Structures are given as structure tokens and as C-alpha cells.
Amino acid sequence: MSTPPVKLFRINTGSCNGCDVEFVATAFVDKFQISSMNVELVENVEESNLLVITGPLTSKSESFLKKYISKLKKPYAVVGVGTCSISCGIFRDSYSINGPIDKFIDVNVNVAGCPPRPESIAEGIAKGIKVLELKSEGEETPQKIEQILIGFEAPKKFRGRMSLNETICTACRTCETVCPSTAIKITKTQNGFIHNIWHNSCCYCGNCAFFCPTGAIYSTNNFDTVKLQNEKFSDLNTGIINLSTCSSCGESYMPPSSGLLGKAYIHNNLKKLNKSICSKCRKEENFKRMYA
Ligand code: SF4
Ligand code: SF4
Ligand code: SF4
């Protein structure tokens, strides 16, 4: 006997529509593989056991989300599509936002992206179906589900997950300041800094890379953005930036970027010293070279 199709119902809880356009592409363009899944799009929530949500959850949409949740067929699975649904993204802390959606509903799968690529949305739906199968069999959702649809490929210049070259990061905090979705947090430690990029908040705008003075932060074309809910806060890129000891005075200091120093001291031939001494000693050395 064949298994009845999973019934997918989609709601928009305040999305800018970017995620919805990508969802439509995912649902109706064959190459994104939805057609090969045992899933049917339905217009009546009462028939549905797979809920797909786009948007950060505005104050006006909270009541209808609650109404829809109460009407879903049990057991059901929930897939959040778009960074807004997971963390509110660029709309976090706005006066009209009550989300993210997991404040009101148990989410199973998150598909980050702003908007996510259709391949990621399809992967999210595939994982949502897997969760639903497990729930139907009375099993717990596992901690991780390996990629189901394989063969993702993005164009070379696609802005996917951000990454950090910690060896040239100077913890200047420019990226943290310009990030519109508070995805970057730099924390001072005893020995230096920890640089975190939270992929579930990033909107892939590229601002951090554009303004980084050393080129330490950059986008990759990796769009492996589909994670289970238990991975929501651990999907991070973490860089450890260590302080050095000044070879002149022995104080701890943040090693400067060679590129910037080369430009700053281009006339004073400080390049050979510049990486090993602190900024105070460098100033003194520079002064001596110029006026002694
Ligand atoms: S994640 Fe981006 S594209 Fe999707 S609703 Fe939010 S702002 Fe729009
Ligand atoms: S990644 Fe770039 S902008 Fe961000 S702290 Fe490091 S050097 Fe500064
Ligand atoms: S690309 Fe960079 S600046 Fe833009 S949201 Fe992501 S981490 Fe923040």
C-alpha cells in the first residue's frame, strides 16, 4: 500500500515576500526536486501535517499563526524558511516584531538565507518530511539529519556562508558595527578575542566583507543552511584571535595587519619591525626614525 502524501501548508508571518518567491520557485520548478517527493501543497490548514513558515512573525500575524497551529493535523512538522523566521534577521528588535516563530511553535527544521536558495528550501522540506516520518513512528527527532538531496552547486560569486581568516583579523569590530542583522559578536577574552558569526542571523549582505580593512572576513559559496532546531544556536563560525607579546616592552598587544601598516608607514621603512612591537613602541620607533 502506498503512503499517503504529506500535506504541505505555507504561511507568511510578515515576510518581505523574498522567501515566498523562492518557495514558489522551489514548489513549481521541477529541477528543485519537490515534484519527486511525496508531498502535496494544500490550501486548507486542517488537512496539513507539514507547516512551512516564512517571515519574522509580526505582531499582526501572531494571532493567525496561533489559530493555524491549533488546526494542524497531528503529528506535524514545522519548517522555518528564511533567516527572519529563525532569528528575525534584519528586523530584530523592530517595534512590530513578536518573533522569531519558535517563541510560539515547536520548529523542527530551519532553512537560513535571505532568501534561501530553492535547493535549500527543498532540502528543508525533505528534512521536514523525515522528521514527520519519525514522529509518525513515535520516534524522537535525531540531533542531526545528514543532507538528503545532494549535488548543490552555487555560482562562484554567490554570497553564501561568511567565513573568517583569523590570522589577519585584528578584532577592530568594524564588521560587528556594520552588520545589519547583529550576526557578528566579538568578545574580549584574557588572551585576545573570540569572533563569532551566527549563520542563522546573517542576511548575506556582504557588508562585513566590504568594510573589513584587512580582508579577514569573506563570503563563501557554501549554502549548507538547513539545520535542525537543536542546531539553531550552534551554527557558528568561530575565530580565535590571540594577542602577541611586544618584543620591545613585553606588553600584550593586538598584532596589526601587515597590509595596513605597509600603507601607514610606507615612507619610514618600519615594515621589518611592525609586526613584533606594540602600537606604543611603534609610535616611539617611528618618531625616532623621523626626528632623531
Ligand atoms: S529572510 Fe530575507 S528574503 Fe526572507 S522574509 Fe526575511 S528579509 Fe525577506
Ligand atoms: S573581520 Fe575584519 S572588520 Fe571584523 S574585526 Fe576582523 S579585521 Fe575587523
Ligand atoms: S554578510 Fe556580514 S554584515 Fe551582512 S548580515 Fe552577514 S555577517 Fe552581517
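Counting restarts for each chain, with residues numbered from 1 along the sequence as it is written. All chains are assigned letters beginning at A, and all ligands numbers beginning at 1, according to the order in which they are written. The predicted origin of the model limits local features to residues at a pLDDT of at least 70 and limits the giving and counting of side-chain atom pairs to 80 or more, whereas totals for whole chains, interfaces and linings rest on all residues. Excluded from the side-chain calculations are hydrogens and water; all other atoms, namely the structure's heavy atoms, are used.

Peer 1: Explanation requested: the site of ligand 3 in the structure shown.
Peer 2: Any residue with a heavy atom positioned within 4 Å of a molecule or strand is treated as near that molecule or strand. Taken together, 13 residues are adjacent to ligand 3, and Cys179, Ser181, Cys202, Cys205 and Cys208 come closest. Amino acids outside the nonpolar list (Ala, Val, Leu, Ile, Met, Phe, Trp, Tyr, Cys, Pro) and the charged list (Asp, Glu, Lys, Arg) are all regarded as polar, and Gly is one of them. Grouping the amino acids of the shell around ligand 3 by side-chain chemistry returns ten nonpolar, three polar and no charged.

Peer 1: What is the right way to read the layout of surface pockets from this model?
Peer 2: Any empty space left between the atoms is revealed when a probe the size of a water molecule rolls over them. Of the voids in this model, the largest pocket is the one considered here, and its volume is about 400 Å³. Here a cavity denotes a set of grid points, spaced 1 Å apart and computed over the protein atoms alone, in which a 1.4 Å probe fits but from which it cannot get out, and a pocket denotes an open set meeting protein on both sides within 12 Å along at least five of seven lines; residues with an atom within 4 Å of a point are reported as lining. Around the largest pocket sit 19 residues that line it, and Thr3, Pro4, Pro5, Val6 and Leu132 are the ones nearest its centre. Numbering of helices and strands runs from the N terminus, with a helix taken as a DSSP run of H or I at least four residues long and a strand as a DSSP run of E at least two residues long. Where the lining of the largest pocket is concerned, the elements lending two or more residues are strand S1 (6-12) and helix H4 (118-136). At five residues, the largest contribution of residues to the lining of the largest pocket is made by H4. Grid points are joined across faces, edges and corners, and a volume is the space filled by probe spheres set on the points. Empty space within the second largest pocket amounts to approximately 150 Å³. Taken together, 15 residues line the second largest pocket, and the ones lying closest to its centre are Cys114, Pro115, Phe158, Arg159 and Tyr204. Of the residues that constitute the lining of the second largest pocket, the class distribution is nine nonpolar, four polar and two charged.

Peer 1: Is there a simple way to explain the domain arrangement of the chain in this structure?
Peer 2: In many analyses, interface size is given as the accessible surface area lost on bringing the parts together. By convention here, the domain bounds are inherited from an automatic or database domain assignment. Domains assigned within the chain are domain 1 (6-136), domain 2 (162-222 + 235-242) and domain 3 (244-291). Only heavy atoms enter the contact rule, under which two residues are in contact if any of them lie within 4.5 Å. In this assembly, nine residues from domain 1 lie in contact with ten residues from domain 2. Buried area is understood as the total, over both parts, of accessible area removed when two parts are fitted together, assessed with a 1.4 Å probe. Buried surface at the junction of domain 1 and domain 2, summed over both partners, amounts to about 680 Å²; 57% is from carbon and sulfur atoms. Salt bridge, as used here, is a side-chain nitrogen of Lys or Arg placed within 4 Å of a carboxyl oxygen of Asp or Glu. Across the domain 1-domain 2 interface, the total number found is zero salt bridges. Polar contacts, as counted here, are pairs of nitrogen or oxygen atoms within 3.5 Å of one another; within protein the pair requires one atom able to donate a hydrogen and one able to accept it, and residues that are adjacent in sequence qualify only if both atoms are side-chain atoms. Where domain 1 touches domain 2, the interface holds four residue pairs in polar contact (both at pLDDT 80 or more). Of the residues that constitute the side of domain 1 that touches domain 2, the class distribution is four nonpolar, four polar and one charged.

Peer 1: For this particular structure, what's the right way to read the side chain of Ser201?
Peer 2: Within the element layout of this structure, Ser201 appears in the loop between strand S8 (192-198) and helix H6 (207-211). Sequence-distant contacts of Ser201, that is, excluding residues within four places in its chain, are made with Thr83, Ser87, Gly89, Arg92, Ser181, Thr182 and Ala183.

Peer 1: In this structure, what is going on with the site of ligand 1? I would like to understand it.
Peer 2: Ser15, Cys16, Gly18, Cys19, Gly82, Thr83, Cys84, Phe91, Gly113, Cys114 and Pro115 make up every residue found near ligand 1. Those elements giving two or more residues to the shell around ligand 1 turn out to be helix H1 (18-28) and helix H3 (83-87). The class makeup of the residues in the shell around ligand 1 is six nonpolar, five polar and no charged.

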